[in-house]
Amino acid sequence: MKITWLGHSAFKIEGAGKIIYVDPFLTGNPLAAVKAEDIDAADYIFVTHGHGDHTGDAVAISKKTGATVVANAELSGWLKSQGAEKVESMYFSGGCDFDFGHAKMVYALHGTTIGASTHGGVAAGFVFDIEGVKIYHAGDTGLTKEMELLADEKIDVAILPVGGYYTMDAKDAARAIDFIKPKKVIPIHYDTFPPIKADPGKLAELAGTKAEIIILKPGESI
Ligand code: NI
Ligand code: MN
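Here's what I pulled together on the structure shown here. What you are looking at is a predicted structure, and each value in this text was computed from that prediction instead of being measured.

What follows is about the coordination of the nickel ion (ligand 1). In ideal tetrahedral geometry, four donors around a metal make angles of 109.5 degrees, whereas ideal octahedral geometry with six donors gives angles of 90 or 180 degrees. Looking at the metal site, the nickel ion (ligand 1) is ligated by His49 (NE2), His51 (ND1), His110 (NE2) and Asp140 (OD), spaced 2.2 Å from it. Taken together, the four donor atoms surrounding the nickel ion (ligand 1) define angles of 91 to 173° at the centre, an arrangement classified as irregular. The manganese ion (ligand 2) is placed at 3.4 Å from the nickel ion (ligand 1), the two being bridged by Asp140. Taken together, the residues span a long stretch of sequence, with His49 in the loop between β4 (44–46) and α1 (52–55) and Asp140 in the loop between β10 (133–137) and β11 (157–161) at a distance of 91 residues. Residues His49 and Asp140 agree in their burial class; the two are buried.

This is the structure in structure tokens:
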């Protein structure tokens, strides 16, 4: 199992013999660790919501690799209309089985418009269970009590936004850790643009011994 941060909210997860991307915003991302055109293989692309810094290169990567794009019903329909090779829609539920394991869509407190006015359904995060490792990718979200529900999931790695402005900042992410009780946390969604300049080290200070805070550079893996 290898989890690689590609910058902003973009991740590559390799496990169970599959390659899974989440929110592959690479083109136009000043901190992107890879170029979209250099991605030759992918099995799935999960998209948390319809904002451009999350849909990113999902359609282009799907077209090139044949990867299945997974998103909520409204957003997956839009991605299909844009030319995604294969799409699957899911929504808040007990989750869905895939050939890599299990994925569950969970609540995010955030908006969802695609472009200027197309409604993108409800913003979400995902809980992945791959090779018995539980990974929570929060997408874009503010702090919400719904996160208390995630404590039962026994999250190994929580991927949490800390940049503030559009999402939680480090202070709220530290409170989220109290709700989620993950073993490890990877802070994301900071420094990409001027409004979200932030120090992820602040989360490590605030979290203390509650969770191991892993500060990656774009391109680094755990
Ligand atoms: Ni957003
Ligand atoms: Mn965002």
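This brings us to the layout of surface pockets. Put simply, the largest pocket is a space of about 200 Å³. Lining the largest pocket are 13 residues, and of these Val106, Tyr107, Glu146, Leu149 and Leu150 lie nearest its centre. Along the lines of polarity and charge, the residues of the lining of the largest pocket split into eight nonpolar, two polar and three charged.

Taking strand neighbours across the sheet as the criterion, the six strands line up as β1-β2-β3-β4-β5-β6 in an open arrangement whose pairing is mixed. If you trace the sheet from one side to the other, it starts and ends with β1 (2–7) and β6 (86–89), each paired once. Ignoring strand direction, the axes of neighbouring strands in this sheet form an average angle of 20°. In the packing of helix α2 (residues 58–65) onto the sheet, contacts are made with β4, β5 (68–71) and β6, and the angle to β4 comes to roughly 170°. Here helix α3 (residues 73–81) sits on the sheet and contacts β5 and β6; the angle it forms with β6, its principal contact strand, is near 170°.

Rules behind the numbers
Residues numbered from 1 in each chain as written. Chains lettered and ligands numbered in written order. Predicted model: local features only at pLDDT ≥ 70, side-chain atom pairs only at ≥ 80, totals over all residues. Heavy atoms only, no water. Donors = N, O, S within 2.8 Å, 3.2 Å for Na, K, Ca; no water. Tetrahedral: all angles 85-135°; square planar, octahedral: opposite > 155°, others 65-115°. Helix = DSSP H or I, 4+ residues; strand = E, 2+ residues; numbered from the N terminus. Buried < 20%, exposed > 50% of the residue type's maximum accessible area, 1.4 Å probe, protein only. 1 Å grid on protein atoms, 1.4 Å probe; cavity = no way out; pocket = protein on both sides within 12 Å on 5 of 7 lines; lining within 4 Å. Points joined across faces, edges and corners; volume = space filled by probe spheres on them. Nonpolar A, V, L, I, M, F, W, Y, C, P; charged D, E, K, R; others polar. Pairing = 2+ DSSP bridges. Axes fitted to C-alpha atoms, helices over the stretch in contact; angles between N-to-C directions. Contact = heavy atoms within 4.5 Å.

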